[in-house]
Amino acid sequence: SSNTSSPNWPSPASPGAILVAVGIEGAPRFALLALEPAPAVLLTGLVVAGIGAGALNPILLPVVYERVPEAVRGRVLSLLVGGVLAAMPLGSMAAGLLLDGVGLVGALAAFGGLYLIAGTFPAVFRVWRGLDDPAPIGGDRLVSEGARTD
């Protein structure tokens, strides 16, 4: 493994780093909103959650660029972005239905619970443990090291 991270710190793309970012950003944000704290507490909590959210793309996108062959990278990233954009209205619709059915606190609890479940995937599924290891493309060289992908 050509992991250049310090031996005391996880790789930026390690499951542990993802769990920390999601743990700061995910379900606690929904719990905080459901508790309806004072505005200063809410704002502080949302700023901290935003820091966790801001850490996810810099952790995950380098993995995509390293592991997806250059020849199909545009298609893969387009499919990823298209899927995310297509799912947003479905999430809004689900939120509206939940708000009508179970109220604000129930909707926040449902989405927070789903986020908590999805956020544990890096700890539960073995495939995530491979993020620390570079993905060889074209023999034993990485795309980032100029390996041919055709």
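Residues numbered from 1 in each chain as written. Predicted model: local features only at pLDDT ≥ 70, side-chain atom pairs only at ≥ 80, totals over all residues. Heavy atoms only, no water.

> How do you make sense of the overall build of the chain when you look at a structure like this?
Per the secondary structure count, the chain includes five helices and zero strands. The proportion of buried residues among the 150 residues of the chain is 21%. Here the contacts in the chain between residues at least 6 apart in sequence split such that 68% fall between residues at least 24 apart. For the chain, the exposed surface amounts to about 9700 Å²; the carbon and sulfur share of it is 70%. (Helix = DSSP H or I, 4+ residues; strand = E, 2+ residues; numbered from the N terminus. Buried < 20%, exposed > 50% of the residue type's maximum accessible area, 1.4 Å probe, protein only. Contact = heavy atoms within 4.5 Å. Areas by Shrake-Rupley, 256 points an atom, 1.4 Å probe, with all protein chains shown as cover.)

> Looking at this structure, I do not really get the side chain of glutamate 25. What am I missing?
Within the secondary structure, glutamate 25 is located in helix H1 (residues 15-25). With a relative accessible area of 6%, glutamate 25 lands in the buried category. A distance of 2.3 Å separates polar atoms of two side chains, one belonging to glutamate 25 and the other to tyrosine 115. (Polar contact = N/O pair within 3.5 Å; in protein donor to acceptor, adjacent residues only side chain to side chain.)

> I keep staring at the packing of H1 against helix H2 (residues 27-35) and nothing clicks. Help me out?
The description of two packed helices rests on the angle between their axes and on the distance between the axes. Look at H1 against H2: their axes get within 4 Å of each other, and the N-to-C directions meet at 10°. By the angle between their directions, the pair H1 and H2 is classed as roughly parallel. Contacts between H1 and H2 involve Val22, Gly23, Ile24 and Glu25 from the former and Ala27, Pro28 and Arg29 from the latter. Here the residues of the contact of H1 with H2 are counted per class, giving four nonpolar, one polar and two charged. (Axes fitted to C-alpha atoms, helices over the stretch in contact; angles between N-to-C directions. Parallel < 35°, antiparallel > 145°, perpendicular 65-115°, else oblique. Nonpolar A, V, L, I, M, F, W, Y, C, P; charged D, E, K, R; others polar.)

> I would appreciate a short explanation of a nonpolar patch on the surface in the present structure.
A cluster of nonpolar residues, Leu114, Ile117, Phe121, Val124, Phe125 and Val127, forms a patch on the protein surface that exposes about 590 Å² of accessible area. Within the residue set of the nonpolar patch, elements represented by two or more residues are helix H4 (70-119) and helix H5 (121-124). Positionally, valine 127 belongs in the segment after H5. (Patch = residues over 30% accessible without salt bridge, like charges linked within 9 Å, V, L, I, M, F, W, Y side chains within 5 Å. Salt bridge = Lys/Arg side-chain N within 4 Å of Asp/Glu carboxyl O.)

> Honestly, the pattern of salt bridges in this entry has me stumped. Any pointers?
For side chains bearing opposite charge, pairing can occur when the charged atoms are close. With the rule as written, the count across this model stands at one salt bridge. Of the charged contacts, one joins arginine 29 and glutamate 25 as a salt bridge, the two residues approaching to 3.0 Å between their closest N and O atoms.

> Mind showing me how you'd approach the packing of H1 against helix H3 (residues 39-67) here?
Remark: H1 packs on H3, axes separated minimally by 7 Å, with the N-to-C direction vectors making an angle of 150°. Compared by their axis directions, H1 and H3 come out roughly antiparallel. Seen from above, H1 lies across H3 with left-handed handedness. Seen from H1, the contacting residues are Ala17, Ile18, Ala21, Val22, Ile24 and Glu25; seen from H3, they are Val48, Ala49, Gly52, Ala53, Ala55, Leu56, Ile59 and Leu60. (Left-handed = near helix turned anticlockwise from the far one by under 90°.)

> Help me out: how do you make sense of the nonpolar core in this one?
For soluble globular proteins, the rule of thumb is that nonpolar side chains tend to be buried together. Counting eight residues, the largest nonpolar core is built from Ala17, Ile18, Ala21, Val22, Leu56, Ile59, Val63 and Leu131. Of all the elements in the fold, those that place two or more residues in this core are H1 and H3. Per element, the largest residue contribution to this core is four residues, and it comes from H1. (Core = buried A, V, L, I, M, F, W, Y, C linked by side-chain atoms within 4.5 Å.)

> Explain H4 here, please?
Helical periodicity: at 3.6 residues per turn, an α-helix aligns residues three or four positions apart in one direction. For H4, built from 50 residues, the straight-helix expectation of 74 Å at 1.5 Å per residue is missed by more than 12%, its first-to-last C-alpha distance being only 29 Å. Here H4 has its buried residues at Arg73, Leu77, Ala107, Leu108, Gly112 and Gly119. In this structure, the buried residues of H4 make contact with H1, H2, H3 and H5. (Expected span 1.5 Å × (residues − 1).)

> It is not clear to me how the packing of aromatic side chains should be interpreted in this structure. Could you clarify?
Aromatic ring pairs are reported here in terms of the distance separating the ring centres and the angle at which the planes meet. Under the criterion given, the structure shown has two aromatic pairs. A ring pair is formed by phenylalanine 30 and tyrosine 115, whose centres lie 6.0 Å apart and whose planes are at 50°; its orientation type is tilted. With phenylalanine 30 in helix H2 and tyrosine 115 in helix H4, this residue pair connects regions lying 85 residues apart in the sequence. Given the relative accessible area of 15%, phenylalanine 30 is considered buried. Here the aromatic rings of phenylalanine 121 and phenylalanine 125 are separated by 5.1 Å at their centres, their planes lie at 75°, and the arrangement is edge-to-face. (Phe/Tyr/Trp six-rings, centres within 6.5 Å; stacked < 30°, edge-to-face > 60°.)

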